[in-house]
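One-letter residues, chain by chain:
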Amino acid sequence: MEAIFAATLGILTASGVYLLLRARTFPVVLGLTLISYAVNLFLFAMGRLQSGVVTVIGKSSEYADPLPQALVLTAIVIGFAMTAFVVVLALRSVGETRTDHVDGQEPAQ
Amino acid sequence: MNHGLILPILLPMFAGSLLLLGAGLSLRVKRSLSLLATLLLLPLSGYLLWLADQGVLQVYAAGNWAAPFGIILLLDRLSALLLVVTAVLGSFALLYAMRGDDERGQSFHALFQFQLMGINGAFLTGDLFNLFVFFEILLIASYALLVHGGGAERVRAGLHYVVLNLVGSAFFLLAVGVLYGITGTLNMADMASRVAAAGPDDAALLGAAGLLLLVVFGLKAAFLPLYFWLPKAYASATAPVAALFAIMTKVGLYSIIRVYTLIFGDDAGSLANMANDWLWPIALLTLALGVIGALAAVSLQGLLAYLVVVSVGTLLAGIAIGTEQALAGALYYLVHSTWVAGGLFLLADLIARQRGDKQGLLVQGPALQNPHLLGGLFFFGAIAVAGLPPLSGFIGKLLLLRSLEPGVQALMLWPVVLGGGLLTLVALSRAGSMLFWRVGLSQLDSAELDYGRLLACAGLLLLSLLLMVGAAPLLSYVEATASQLHDLALYRQIIESGAAR
């Protein structure tokens, strides 16, 4: 499980970074979304990867750490709001500057 | 448990929520409500300052969950000082905005309150993840405030600011995740003792997470490789917003002080004071490049934005030296630079309003209607910000320079700070002579000076005088702050007393 998890994180992050470095706002927003997925998964994994164990101490010899799950929830909510905001801002930017280039102007040819 | 601790967060939160719900209320009611909430922060933070000055750490356990398990708010001398700085700056910025700037977009007052809530929360929290949450609150309010007033220039700067900060937030979560994964706690005081007790196997990962945090805070504080967003964003923001943003870089600096004196401080074993080696060259280079930017700026607002970068470099140098005297000097300079930079942003707007379509551009424009008054204020602000005697900038820099014994570090710091001061003066005199002396004969008739705005601007700038006159009590306070920050046993007691209950 660890190998798949790590590979998923790596691919998500790499794709996210690649998209983030594009010059148009839409790929940048997508890149941010992918990175936030990767970060959320990473945060989740910080409670150690286990399957089928309860989150209550004392019920069994092994238990899952509930705190990272709470942190991930918070991070997801915040990340969702931020993505919504950056989409609106990108649309506004297209409206104001008549281009979807991140610098608000087309590069000189 | 003193409930006064959480009030600087709750008060703006409720005021902001009311303002959001009552979006249809008349502007007058909204202004009164917003002003009332902001002015109430003044006595409140004053009380907390008095409380913190008793020398005991005040802890507020949310939901009465004891320290390592629940989220705590922590009031020490440092956070109380920054609360006062924020409350004063926010009051003046709001007074200025109420003279018309708040009508240029929607929900200005609600956003302003949420911004204050985020800033106050970031200063008060004793929990690393909670710090992230308050960062996000102040950031999302600042995203909207930055584009307040609209226009292509603001949206362009806003997009860069938002995307950069979202990446910063991702880094923050990564760093917090690693720190939690190894230490198993998010409470900063608890984390400090866990880091101190960590084995050599974990040291590398802990160090990597710690330096990742430095990147995040550096993005907020705007130091060398990460400050490029700042000049554009600050120069294009509406004046009261730019003035309020003077505290935003200080939130980053506050976090640097907090994390690298407490978690990675003197006791952290092989990781002790690991940030200082990085911060020292970064500080000097930030200072130097900020000055070069100020010399090359094409508008008054751009010039002031680069002066913010210069002040960040100066403060960072004080933090990087790491001694108590240097930290005390840096804290004094922090108070001074926040208020004076805020006042200068307001002044730049007053000047730009009398120059028609030339705005703040440093080109020949129409003659000002009140050249003596505005020129006098500019002269005063320039002296303060460049660090000439007798105003507060001089005292701050003097404290910083005197904190070093003669040696290699002094040999590096003195020329950069003093040369930077000189070049700042050159940039400001060039700007001043262009704005006030090399003017056309015509005068704009439609640009009456608004006395409410003038009062807010002059009030904020004249605080420099107050800092000069009241230097002795402030100095003893910041010295006590610096020694409290290095007294790590005090912070560890929070956890011990919490675990004992």
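The shown structure was predicted, so the numbers you read here are calculated from the model rather than taken from an experiment.

When you go through chain B residue by residue, the secondary structure sums to 20 helices and two strands. Relative to the globule expectation of 23 Å for 501 residues, the C-alpha radius of gyration of chain B, 22 Å, shows essentially globular dimensions. Its C-alpha atoms give chain B principal-axis dimensions of roughly 75 × 60 × 40 Å. Counting every position in chain B, which comprises 501 residues, the buried fraction comes to 59%. By sequence separation, contacts in chain B at least 24 residues apart represent 79% of the contacts at least 6 residues apart.

Across its full length, chain A holds three helices and zero strands. Listing each helix as α and each strand as β along chain A from the N terminus yields α-α-α. Taken against the 2.2 N^0.38 rule, which gives 13 Å for 109 residues, the C-alpha radius of gyration of chain A at 19 Å runs more than 25% over that of a compact globule. When the backbone C-alpha atoms are referred to their principal axes, chain A occupies close to 65 × 25 × 15 Å. Buried residues in chain A amount to 27% of all 109 residues. Long-range contacts, defined here as pairs at least 24 residues apart, represent 48% of the contacts in chain A between residues at least 6 apart.

Residues and elements named next belong to chain B. The interhelical angle for the contact between helix α3 (residues 77-97) and helix α19 (residues 471-486), taken along N-to-C directions, is 140 degrees, at an axis separation of 8 Å. When the axes of α3 and α19 are compared, the pair comes out oblique. Facing Arg77, Leu78 and Leu81 of α3, the residues of α19 in contact are Tyr477, Ala480, Thr481, Gln484 and Leu485.

Quick look at the confidence of the model for chain A now. This prediction gives chain A a mean pLDDT of 89; 99% of its residues lie at or above 70. Put simply, helix α3 (residues 66-97) of chain A is where chain A has its lowest mean pLDDT, 91, and helix α1 (residues 2-20) of chain A is where it has its highest, 95.

Between chain B and chain A, the contact holds 19 residues from the first and 25 residues from the second. Those elements that place two or more of their residues in the side of chain B that touches chain A are α5 (128-146) and α6 (152-183) of chain B. Top contributing element to the side of chain B that touches chain A by residue count: α6(B), with 14 residues. Class assignment of the residues belonging to the side of chain B that touches chain A gives a composition of 14 nonpolar, three polar and two charged.

All names here are of chain B. One can find phenylalanine 134 in helix α5. Judged by local crowding, phenylalanine 134 falls into the buried class, with 22 C-beta atoms found within 10 Å. Sequence separation between phenylalanine 134 and alanine 489 is 355 residues, and the spatial gap between their C-alpha atoms is 26 Å.

Further remarks concern the environment of A:Ser51. Summarising the element assignment, A:Ser51 is placed in the loop between α2 (25-45) and α3. Using a count of 6 C-beta atoms within 10 Å as the deciding quantity, one classes A:Ser51 as exposed.

Residue and element names in this part refer to chain B. Summarising the element assignment, alanine 246 is placed in the loop between α10 (239-245) and α11 (248-263). Owing to 25 C-beta atoms within 10 Å, alanine 246 belongs among the buried residues under this scheme. Every residue in contact with alanine 246, bar those within four places of it in the chain, is listed here: Leu89, Val308, Thr338, Ala341, Gly342 and Phe345.

Here we take up unusual backbone geometry. Residues and elements named next belong to chain B. Here proline 389 and proline 390 are connected by a cis peptide whose omega angle stands at 10 degrees. At asparagine 64, a position not held by glycine, the phi torsion is positive, near 60 degrees. Along the polypeptide, asparagine 64 turns up in the loop between β1 (58-61) and β2 (72-75). One non-glycine residue with positive phi stands out, namely alanine 222, at about 65 degrees. With respect to the helices and strands, the residue alanine 222 is situated in the loop between α8 (200-221) and α9 (230-236).

All names here are of chain B. Compared with an ideal rise of 1.5 Å per residue, which puts 29 residues at 42 Å, helix α17 (residues 408-436) spans 42 Å between its outermost C-alpha atoms and is within 8% of the ideal. Restricting attention to buried positions, one finds in α17 the residues Leu413, Val417, Gly420, Gly421, Thr424, Ala427, Leu428, Ala431 and Leu435. Next to the buried residues of α17 lie α12 (276-296), α13 (300-321), α14 (324-353), α15 (371-386) and α16 (392-402).

Residues and elements named next belong to chain B. For the pair helix α7 (residues 188-197) and α11, the least separation of the axes is 9 Å and the interaxial angle reads 40 degrees. When the interaxial angle is binned, α7 and α11 end up oblique. Each of Met188, Ala189, Met191, Ala192 and Val195 in α7 lies in contact with α11, whose residues at this interface are Arg258, Leu262 and Ile263. For the contact of α7 with α11, the residue count by class is seven nonpolar, no polar and one charged.

Basis of the calculations
- Residues numbered from 1 in each chain as written.
- Chains lettered and ligands numbered in written order.
- Predicted model: local features only at pLDDT ≥ 70, side-chain atom pairs only at ≥ 80, totals over all residues.
- Helix = DSSP H or I, 4+ residues; strand = E, 2+ residues; numbered from the N terminus.
- Rg over C-alpha atoms; globule rule 2.2 N^0.38 Å.
- Buried ≥ 20, exposed ≤ 12 C-beta atoms within 10 Å, placed from the backbone.
- Contact = placed C-beta atoms within 7 Å.
- Axes fitted to C-alpha atoms, helices over the stretch in contact; angles between N-to-C directions.
- Parallel < 35°, antiparallel > 145°, perpendicular 65-115°, else oblique.
- pLDDT = per-residue confidence, 0-100.
- Nonpolar A, V, L, I, M, F, W, Y, C, P; charged D, E, K, R; others polar.
- Expected span 1.5 Å × (residues − 1).

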